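Chains, contacts and geometry: an overview
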Amino acid sequence: MGVGKSTVGQLLADRLGVAYRDTDDDIVTEQGRTIAEIFVDDGESAFRALEKQAVRRAVAEHEGVLALGGGAVLDADTRALLAGLPVVYLSMDVEEAVRRTGLNVARPLLAVNPRKQWRELMQARRHLYEEVATAVVATDGRTPEEVTRSVLDAVELKEA
């Protein structure tokens, strides 16, 4: 959350001359509601089912840069689907997350005691991110352009 996946993803797509797609945006468009509204109205498990479908569809249909929501890797089938694909985990620490997002309540999983919840989410997910990633790129204190260059270098992609 707040790691810059949308900004870096779009920059990366631009540099490579390919399309950018975000599965969170797909879900919002398909459902006609924000992710926060889906969490409140239907619960996290319903959102995760939508997320799993969105990722499966996007991986099958999209050949450019694809950004996934932070919880997508919680699903074993999704992790298996990502195996063999170039996957980059954009990492950051909690202080950077606070600086970037304020860890505000627009993030449904961080509504109460956001710093503690962010740390707990990362403890639960970090190993899954690392499991699917072919590269890990730290974003702390770096501009989106610097992160994009590091992503290109990490996965040895050349600009179009």
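Section: the pairing of strand E4 (residues 135–138)
What you see with E4 is a clean split: Ala135 and Val137 sit on the buried side and Val136 and Ala138 on the side with no burial. Pairing of strand E3 (residues 88–91) with E4, which is carried by four bridges, proceeds in the parallel orientation. The residue bridging serine 91 from the neighbouring strand is alanine 138, located in E4.

Remarks on the packing of helix H2 (residues 23–31) against helix H4 (residues 44–61)
Packing of H2 against H4 brings their axes to within 9 Å, and their N-to-C directions diverge by 115°. Viewed along their axes, H2 and H4 adopt a mutual orientation that is roughly perpendicular. Relative to H4, the crossing made by H2 is right-handed. Where H2 abuts H4, its residues Thr23, Asp24, Asp26, Ile27, Glu30 and Gln31 lie against Phe47, Leu50, Glu51, Ala54, Val55, Arg57 and Ala58. Class assignment of the residues belonging to the contact of H2 with H4 gives a composition of six nonpolar, two polar and five charged.

Quick notes on the packing of aromatic side chains
Across all of its chains, the model carries two aromatic pairs by this definition. Judged by centre distance (5.0 Å) and plane angle (40°), the ring pair of phenylalanine 39 and phenylalanine 47 falls under tilted. By relative accessible area, which is 13% here, phenylalanine 39 ends up buried. When the centroid spacing of 4.9 Å and the interplanar angle of 40° are considered together, the rings of tyrosine 89 and tyrosine 129 count as tilted.

Examining the pattern of salt bridges
In the structure shown here, the tally under the stated rule is 13 salt bridges. Lysine 52 is the partner of aspartate 77 in a salt bridge, and the nearest nitrogen-oxygen pair spans 2.6 Å. With a gap of 25 residues between them, aspartate 77 in helix H5 (residues 76–82) and lysine 52 in helix H4 connect regions that are remote in the sequence. Aspartate 77 gets classed as partly exposed once you look at its relative accessible area, which sits at 41%. Among the ionic pairs, glutamate 131 bridges to arginine 79, the shortest N-O distance being 3.3 Å. Of this pair, glutamate 131 sits in helix H7 (residues 114–132) while arginine 79 is found in helix H5, placing the two residues 52 residues apart along the sequence. Residue glutamate 131 is classed as exposed on the basis of its relative accessible area of 51%. Arginine 79 sits in the buried class, given a relative accessible area of 18%. Within this structure, Lys5, Asp22 and Asp24 form a network of salt bridges that share partners.

Conventions we followed
Residues numbered from 1 in each chain as written. Predicted model: local features only at pLDDT ≥ 70, side-chain atom pairs only at ≥ 80, totals over all residues. Heavy atoms only, no water. Buried < 20%, exposed > 50% of the residue type's maximum accessible area, 1.4 Å probe, protein only. Helix = DSSP H or I, 4+ residues; strand = E, 2+ residues; numbered from the N terminus. Pairing = 2+ DSSP bridges. Axes fitted to C-alpha atoms, helices over the stretch in contact; angles between N-to-C directions. Parallel < 35°, antiparallel > 145°, perpendicular 65-115°, else oblique. Left-handed = near helix turned anticlockwise from the far one by under 90°. Contact = heavy atoms within 4.5 Å. Nonpolar A, V, L, I, M, F, W, Y, C, P; charged D, E, K, R; others polar. Phe/Tyr/Trp six-rings, centres within 6.5 Å; stacked < 30°, edge-to-face > 60°. Salt bridge = Lys/Arg side-chain N within 4 Å of Asp/Glu carboxyl O.

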